[in-house]
Amino acid sequence: MTPTEQHTPGAYTPKAGTFVCDCSSAHLWRIDIAGHLFPAFPPGCSGRSWRERDATAPEPADTEADPLP
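Residues numbered from 1 in each chain as written. Predicted model: local features only at pLDDT ≥ 70, side-chain atom pairs only at ≥ 80, totals over all residues. Heavy atoms only, no water.

1. Some words on unusual backbone geometry
Here is step 1: The phi angle at A26 is positive, at roughly 50°, despite the residue not being glycine.
Here is step 2: Mapped onto the elements of the fold, A26 is located in the loop between β2 (17-21) and β3 (28-31). (Helix = DSSP H or I, 4+ residues; strand = E, 2+ residues; numbered from the N terminus.)

As structure tokens, then:
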């Protein structure tokens, strides 16, 4: 799969990885097992497709943060 391949919500994921929607907010969705369905976009999102995120792109700090006890 090339990073430019686009997938619609409800399509099966071709592989594990991080996917980003094509709206200006670039919502992220991570999957660790291929074969799951791409989710619907968040409320208010103008995205139309998901694409694989560049593996060399840095992850935003808040996407992996766990709340402190």
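Now that the structure has been shown, the text picks up again.
2. Brief notes about the pairing of β2
Here is step 1: With four of five residues buried, β2 is to be regarded as a mostly interior element.
Here is step 2: Here four bridges tie β2 to β3, and the two strands are oriented antiparallel to one another. By the bridge assignment for β3, T18 is matched with R30.
Here is step 3: The hairpin formed by β2 and β3 contains six residues between the paired strands, and A26 there has a positive phi angle of roughly 50°. (Buried < 20%, exposed > 50% of the residue type's maximum accessible area, 1.4 Å probe, protein only. Pairing = 2+ DSSP bridges.)

3. Comments concerning the sheet that holds strand β4 (residues 50-52)
Here is step 1: Across the sheet, which stays open at both edges, the four strands sit in the order β1-β4-β2-β3 with antiparallel pairing between neighbours. The sheet terminates laterally at β1 (6-7) and β3, the two strands that pair on one side only.

4. Points about the environment of E52
Here is step 1: Structurally, the position occupied by E52 is in strand β4.
Here is step 2: In this structure E52 comes out as buried when scored by relative accessible area, which is 13%.
Here is step 3: On a C-alpha basis, the gap between E52 and W29 in space is 9.5 Å, while along the polypeptide they are 23 residues apart.
Here is step 4: Here K15 takes part through its side chain, which lies 3.1 Å from a polar atom of the side chain of E52. (Polar contact = N/O pair within 3.5 Å; in protein donor to acceptor, adjacent residues only side chain to side chain.)

5. Considering the packing of aromatic side chains
Here is step 1: Evaluation of the coordinates by the stated rule reveals five aromatic pairs.
Here is step 2: Look at F19 and W29: their rings are 6.5 Å apart centre to centre, the planes differ by 40°, and that puts the pair in the tilted class. Residue F19 is located in strand β2, and its partner W29 is located in strand β3; the two are separated by ten residues in the primary sequence.
Here is step 3: Using a relative accessible area of 0% as the deciding quantity, one classes F19 as buried.
Here is step 4: Between W29 and W50, the ring centres sit 6.4 Å apart and the planes meet at 50°, which makes this aromatic pair tilted. Here the residue W29 occupies a position in strand β3, and W50 occupies one in strand β4, the gap between them amounting to 21 residues.
Here is step 5: Among the residues examined, W50 registers a relative accessible area of 2% and is labelled buried.
Here is step 6: Members of the aromatic cluster, joined through ring pairs, are F19, W29, F38, F41 and W50. (Phe/Tyr/Trp six-rings, centres within 6.5 Å; stacked < 30°, edge-to-face > 60°.)

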